Amino acid sequence: MSSCRTCLSLPRDDARAAAELWTSLAPDSSIDHVVELEGQGDPVLIDLTIAGTSYQILGAGGMGEPTMATSFSLTVPDQESLDRFWDGLLTAGGAELECAWIRDPYGFFWQVVPQVFVDATGDPDPAVRQAAVETIWTQRRVDAAAVERAVEAARG
């Protein structure tokens, strides 16, 4: 059987902390398997699930810095879930960026949006899609209620 997952390179001493942070904040997440080499201390490989998607962390470091060209895109059910995840990354040392982007303390970029935004961007009405997208362009952390208001106004 074949499978494919994204492998993320981190300094070995950050690998476990990153896995623990990400899985503690995102629903349906877990650390599934840890490979440690005798006498090495920190893990070499960590298999984990974030919001139902499998990833692997390679604790090697020195493989380059993360960029916005590759990011996590996390959809959460509501504002409360969004705030919990966002605040958790900020508390751990993350930094807010424009348009629903946040950089975590390990340098990885996350786009965190509520389900109402995803639903609106899939709406058959182009005015609804545009209203949703233009609403988050003016925000750092997405305000789900503002997206809902913009969608309702676009629907007339």
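Residues numbered from 1 in each chain as written. Predicted model: local features only at pLDDT ≥ 70, side-chain atom pairs only at ≥ 80, totals over all residues. Heavy atoms only, no water.

Quick look at the confidence of the model for the protein chain now. Looking at the protein chain, the pLDDT average stands at 94 and 99% of residues meet or exceed 70. Across the protein chain, helix H3 (residues 115-121) holds the top mean pLDDT of 98, while strand E1 (residues 6-10) sits lowest at 94. (pLDDT = per-residue confidence, 0-100. Helix = DSSP H or I, 4+ residues; strand = E, 2+ residues; numbered from the N terminus.)

Axis separation between helix H1 (residues 12-25) and helix H2 (residues 79-91) bottoms out at 9 Å; the angle between their running directions is 155°. When the axis of H1 is compared with that of H2, the two are roughly antiparallel. Considering how the two elements wind past one another, H1 and H2 form a crossing that is right-handed. Contacts between H1 and H2 involve Leu21, Ser24 and Leu25 from the first element and Arg84, Phe85, Gly88 and Leu89 from the second. Split by residue class, the contact of H1 with H2 holds four nonpolar, two polar and one charged. (Axes fitted to C-alpha atoms, helices over the stretch in contact; angles between N-to-C directions. Parallel < 35°, antiparallel > 145°, perpendicular 65-115°, else oblique. Left-handed = near helix turned anticlockwise from the far one by under 90°. Contact = heavy atoms within 4.5 Å. Nonpolar A, V, L, I, M, F, W, Y, C, P; charged D, E, K, R; others polar.)

A few words on the packing of aromatic side chains. Under the counting rule described, the total for this entry stands at nine aromatic pairs. Here the aromatic rings of phenylalanine 72 and phenylalanine 108 are separated by 6.2 Å at their centres, their planes lie at 70°, and the arrangement is edge-to-face. Separated by 36 residues along the polypeptide, phenylalanine 72 in strand E5 (residues 72-76) and phenylalanine 108 in the loop between strand E7 (101-103) and strand E8 (109-114) bring together distant segments of the chain. Take phenylalanine 72: its relative accessible area is 5%, and that puts it in the buried class. Look at phenylalanine 108 and you get buried, because its relative accessible area is 8%. Residues phenylalanine 85 and tryptophan 110 carry aromatic rings whose centres are separated by 4.9 Å and whose planes lie at 55° to one another, so their mutual orientation is tilted. Here phenylalanine 85 is found in helix H2, whereas its partner tryptophan 110 is found in strand E8, with 25 residues between them in sequence. Like phenylalanine 85, the residue tryptophan 110 is buried in the burial classification. Clustering of aromatic rings is evident, with ring pairs tying together Trp22, Tyr55, Phe72, Phe85, Tyr106, Phe108 and Trp110. (Phe/Tyr/Trp six-rings, centres within 6.5 Å; stacked < 30°, edge-to-face > 60°. Buried < 20%, exposed > 50% of the residue type's maximum accessible area, 1.4 Å probe, protein only.)

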